[in-house]
Amino acid sequence: MTTNESQRAAGSRLSVRARLLIGMILLAGLTLLITGTVNYVLERQNLESTLDDTLTRDVEEFRVLADTGIDPDTQQHFTRAADLMYTAMQYNHITDTQSMLAMQDGEIVWSAPTNVTMRLENDSQFVQWASQLTPESVYLTSLETDVTRYRSAVVPVQLAEDEAPAVFLTAFDVEAELHELRMSLFIFTAAGAGAMLIGGVVAWLLLGRMLQPVRDLQENAQRISEQDLDSRIQARGHDEFAELTETINHMLDRLQLSLEQQKQLLDDVGHELRTPITIIRGHLEVMDDTDPVDVRQTKDIAIDELHRMSLLVNDLVTLAQSNSTDFIATKPTDIAALMHDITAKAAALGDRDWSLKANANGDVNIDGPRLTQAMLQLCANAVKFSGPGSPIELGSTIRLSIAGDTELCLWVADAGIGISPEDQQTIFKRFGRGGNGQRAQGSGLGLNIVEAIALAHGGSVHVESAPGQGSIFILTIPLENDTQSPALTTTTGTLEPPRFSDQEHGIGE
C-alpha cells in the first residue's frame, strides 16, 4: 500500500456530502448554543435585578405605611409592630412565587394570607434563620435551604410604643422564578433542534444536487480509458460547479487530442524510422567487408540514412516543444528588418532568383526567431520543388481581415511543379507529402512545424497552388491593435500575395 493510500485509509471514510452536512449541523448547533447561553445568562441577570427591584419597592411601601398609615382598629398611628406588619401584608400585592413573614421576639406573629401559594412558615430552616435575625437596618439577602433558594428583604420594625423588636420579611422563591426561565430555554433548545433537523434534511438534498457534477465527474473518470475518451459531463446551471464541469470537459478534449496525436505520432515515427533502419540493416547484412568499395558505399548509405533520422528526431523535438506554453516568446520586432534578414539567409538554400517584392514597415509583436524558422522552412520547400534559376519571392504586408482585425501576412511564392488540390489537404500533416513529388530529403515534418509555429502565434498557414503553376504558402498572424506602432504601414498597395503565371516568371495579379 502506498503512502497516499495509507493516508486515505487512515482518514475519514465519510463522503464529502456527509462531512459538509455534519459541518453545517455542528456550526448551526454551536450558534444555537452560544445564542441560548448568552440569552439565558442575560435573562437570569435581568430576573435577579427584577426581584431586587420588586423587594426594594415593597420595602418602600412598608416605610410609607409606617410613616403615614392609620391603624384600622384605633384610627390612630400604629403603636404595635404586629399591627403594622399585619396591615402591610393585607395591602401588599403578592405574586405566586412570593410570600411574607412577620417575626417578633423570635416568634412568628403573622404569615402571608391563606391565598398565597408559597408558605415561608412551612420551611423550618427559613423560620429558624428568621428567628435569629436582629437587623439594625434594611438589607437584601439570599438564603438557600433544603426546600429552595430565597431572595429576601429584611426590614427591622421598631415603634416607640412597642419595645419588643420585630422583623418583617418578604421573600421570593428564586428556583420557582428560574423554572420559568429554564422552560423558555428548553423550548428554545427544542425548537432549535427541530429546525436543525429540518434544515439538515433540506441541506442533504441541496448538497446532493450541488455535488451531482462531482459524482458525474467521478463516474465519467471511472469510464474513461485510453480507448474511450468520448464521455463528457453535462454542465448544469451557471455556478462554480458548472464552470468546473466545463473546465474538465475542455481538459478531456485536450487530453483526447493529445493522446490521439501521440498515438498518431508513434505510428508515424515507427513507420518513418523503420525505413532507414531497414535500409541500413539490409546493406550491412549484404556488405562484403573484404571489398573496400562496398564498405565505403555502405558507409555512405548508412551515414545518409542516419542523417535523415537525425533530422527526424530534431523535428520531433521541435513539435514536442510546440505544445508547451513557452514555445514562442513574442516581443516588438521590426518586420522590415526581419524580412530582409530572412531573404538573405534563404539565398544560401539554393540557386534561385530570390527577391523581396513587398515588405511591411513598423514593429509587430511576434517571435522573430520562430517565424524565421517557419519562413526558411517554406523557402527550403520551395527550393526542393522548383528548378535552378527559377524565381522565389518573399513578401509581407499588414491587412485587415474579414472580421476587421489587423493581421500580418507573410508569404513565399515559387514557380515550381505546384501541388494538386487533394495533396493540399495533407501536406501540413505529420509526414504528409504530395503525391506528385519524389521522396525528397527531409523528415516530412517541415510543414507541420510551420503550422505549429503559426498556431502558437494564434494564426494559420495555407497554400494556394495548382499543378504546373507554382505554389504560394501564406502565413497569417493576428496582431493586437493596441501593441502596434502608429507608423505601421506596407510598401505595396495590394493586400493579396503575388502569383506567378505559367508563361513568365513575373508577378501576376
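Before going into details, it helps to say that this report is about the structure given with it. In this text, all values refer to a predicted model and were calculated from it rather than measured experimentally. (Residues numbered from 1 in each chain as written. Predicted model: local features only at pLDDT ≥ 70, side-chain atom pairs only at ≥ 80, totals over all residues. Heavy atoms only, no water.)

## Digging into the sheet that holds strand β13 (residues 471-478)
The criterion, for reference: Two strands qualify as a pair provided that DSSP identifies no fewer than 2 bridges between them. Here a strand is any run of E in DSSP of at least two residues, a helix any run of H or I of at least four, and the numbering for each starts at the N terminus. Axis geometry follows a simple rule: fit a line to the C-alpha atoms, using only the stretch in contact for helices, then measure angles between N-to-C directions, giving values from 0 to 180 degrees.
Read across the open sheet, the five strands follow the order β7-β10-β11-β13-β12; overall the sheet is mixed. Looking along the sheet, the strands with just one partner apiece sit at the ends: β7 (353-358) and β12 (460-465). Ignoring which end each strand starts from, the neighbouring axes of this sheet average 20° apart. For β12 and β13, the ladder comprises six bridges, and the chain directions are antiparallel. Considered in β13, the bridge of S465 is made with S471.

## What to know about the pairing of β12
Put simply, the rule is: Under the scheme applied here, a residue whose accessible area is under 20% of the maximum for its type counts as buried, over 50% as exposed, and between as partly exposed, the area being computed with a 1.4 Å probe on protein chains only.
With burial as the criterion, only one face of β12 is covered, namely that bearing V461, V463 and S465; the residues S460, H462 and E464 on the opposite face remain uncovered. Following β12, the chain reverses through five residues before pairing antiparallel with β13; G468 in that reversal takes a positive phi of roughly 80°.

## What about the pairing of strand β11 (residues 406-414)?
The buried count for β11 comes to nine of nine residues, which makes it a mostly enclosed element. The side-chain alternation of β11 yields two buried faces, one formed by T406, L408, L410, V412 and D414 and the other by E407, C409, W411 and A413. Note: strand β10 (residues 391-400) against β11, nine bridges, orientation antiparallel. The residue bridging L400 from the neighbouring strand is T406, located in β11. Counting the residues between successive antiparallel strands, the hairpin from β10 to β11 contains five residues, one of them, G404, with a positive phi of roughly 90°. Where β11 meets β13, eight bridges bridge the pair, whose relative direction is antiparallel. Across the sheet, W411 pairs through a bridge with I474, a residue of β13.

## What about the nonpolar core?
Within soluble globular proteins, side chains that are nonpolar generally end up buried alongside one another. Convention followed: The set of buried Ala, Val, Leu, Ile, Met, Phe, Trp, Tyr and Cys residues whose side-chain atoms join them within 4.5 Å is what this entry labels a nonpolar core. Contacts are assigned to residue pairs that have any heavy atoms within 4.5 Å of one another.
The biggest cluster of nonpolar side chains holds 38 residues, and the ones touching the most others in it are I335, M375, L394, L408 and L475. Of all the secondary-structure elements, those providing two or more residues to this core are α9 (335-346), β9 (363-366), α10 (368-384), β10, β11, α11 (446-456), β12 and β13. No other element matches the seven residues that α10 contributes to this core. Among residues more than four places away in sequence, those in contact with L394 are M339, I342, T343, W354, S355, L356, K357, A358, M375, C379, W411 and V412. By size, the runner-up hydrophobic cluster in this structure holds 28 residues, among which are L47, A81, L84 and F168.

## A closer look at the environment of A82
Note that A82 resides in helix α3 (residues 81-91). Each C-alpha atom, one on A82 and one on Q104, is 7.7 Å from the other, the two residues being 22 residues apart in sequence. Aside from chain neighbours lying at most four places away, what touches A82 is Q104, W110 and D162.

## Concerning the pattern of salt bridges
Test applied: Any Lys or Arg side-chain nitrogen found within 4 Å of a carboxyl oxygen on Asp or Glu counts as a salt bridge.
Within this structure, the stated rule accounts for 10 salt bridges. Between E60 and R63 there is a salt bridge whose closest N-O contact spans 3.3 Å. Here E60 pairs with R63, and both are found in helix α2 (residues 16-68), just three residues apart, close to one helical turn.

## Considering the packing of α2 against α3
Under the convention used in this document: For this classification, under 35 degrees means roughly parallel, over 145 means roughly antiparallel, 65 to 115 means roughly perpendicular, and everything else is oblique. Each crossing gets its handedness from the near helix: less than a right angle anticlockwise from the far helix is left-handed, clockwise is right-handed. Residues are sorted three ways: Asp, Glu, Lys and Arg are charged, Ala, Val, Leu, Ile, Met, Phe, Trp, Tyr, Cys and Pro are nonpolar, and all the rest, Gly among them, are polar.
Between α2 and α3, the least distance of the axes is 10 Å, while the angle of their chain directions is 130°. Here α2 lies oblique to α3, going by the angle between them. Once α2 is placed against α3, the crossing between them reads as right-handed. Between α2, through F62, L65 and A66, and α3, the contact on the second element is made entirely by L84, M85, T87 and A88. Looking at side-chain class alone, the contact of α2 with α3 contains six nonpolar, one polar and no charged residues.

## Description of the sheet that holds strand β3 (residues 139-144)
On the basis of which strands lie adjacent, the open sheet formed by five strands has the order β2-β1-β5-β4-β3 and antiparallel pairing. Both edges of this open sheet fall to β2 (107-111) and β3, since each of them pairs with a single strand only. Each neighbouring strand pair of the sheet contributes to a mean axis angle of 30°, computed without reference to strand direction. Two elements, strand β1 (residues 98-104) and β2, share four bridges in a ladder whose sense is antiparallel. When the sheet's bridge partners are listed, Q104 is paired in β2 with E107. Against the sheet, α3 makes contact with β1, β2, β4 (149-159) and β5 (162-173), and its axis sits at roughly 20° relative to β5, the strand it touches most. Of the strands in this sheet, β1, β2, β3, β4 and β5 touch helix α4 (residues 124-131), which is tilted by about 45° from β1.

## Some points on the side chain of D123
To keep it simple, the criterion reads: Counted as positive: Lys and Arg. Counted as negative: Asp and Glu. His and the chain ends are not counted at all. Polar contact is the term for a pair of N or O atoms within 3.5 Å; when the atoms are in protein, one must be able to donate a hydrogen and the other to accept it, and sequence-neighboring residues count only if both atoms are side-chain atoms.
With respect to the secondary-structure elements, D123 resides in the loop between β2 and α4. Notably, D123 is buried but unbridged: the nearest opposite-charge side chain belongs to R149, and the N-O separation is 12 Å. Among the polar contacts listed, one links the side chain of D123 to the backbone nitrogen of Q125, at a separation of 3.2 Å. Aside from chain neighbours lying at most four places away, what touches D123 is T145, V147 and Y150.

## Overview of the packing of aromatic side chains
The following threshold applies: Within 6.5 Å between ring centres, the rings of Phe, Tyr and Trp (the latter by its six-membered ring) count as paired, and their orientation is classed by plane angle as stacked under 30 degrees, edge-to-face over 60, tilted in between. Two limits define a charge over a ring: the Lys NZ or Arg CZ must be within 6 Å of the ring centre, and within 35 degrees of the ring normal.
A full pass over the atoms with the stated rule returns four aromatic pairs. For the pair F62 and F168, a centre-to-centre distance of 4.7 Å together with 15° between the ring planes defines the contact as stacked. With F62 in helix α2 and F168 in strand β5, this pair connects stretches of sequence that are 106 residues apart. Residues F62 and F168 agree in their burial class; the two are buried. A centroid spacing of 5.0 Å and a plane angle of 55° characterise the contact between F126 and Y150, whose relative ring orientation is tilted. Taken as a pair, F126 in helix α4 and Y150 in strand β4 lie far apart in primary sequence, 24 residues in all. Each member of the pair, F126 together with Y150, is buried. One aromatic cluster in this structure is built from F126, W129 and Y150. A cation over a ring is seen here: R17 above W204, with NZ or CZ 3.9 Å from the ring centre.

Keep in mind that these numbers describe shape and distance, not what the molecule does.
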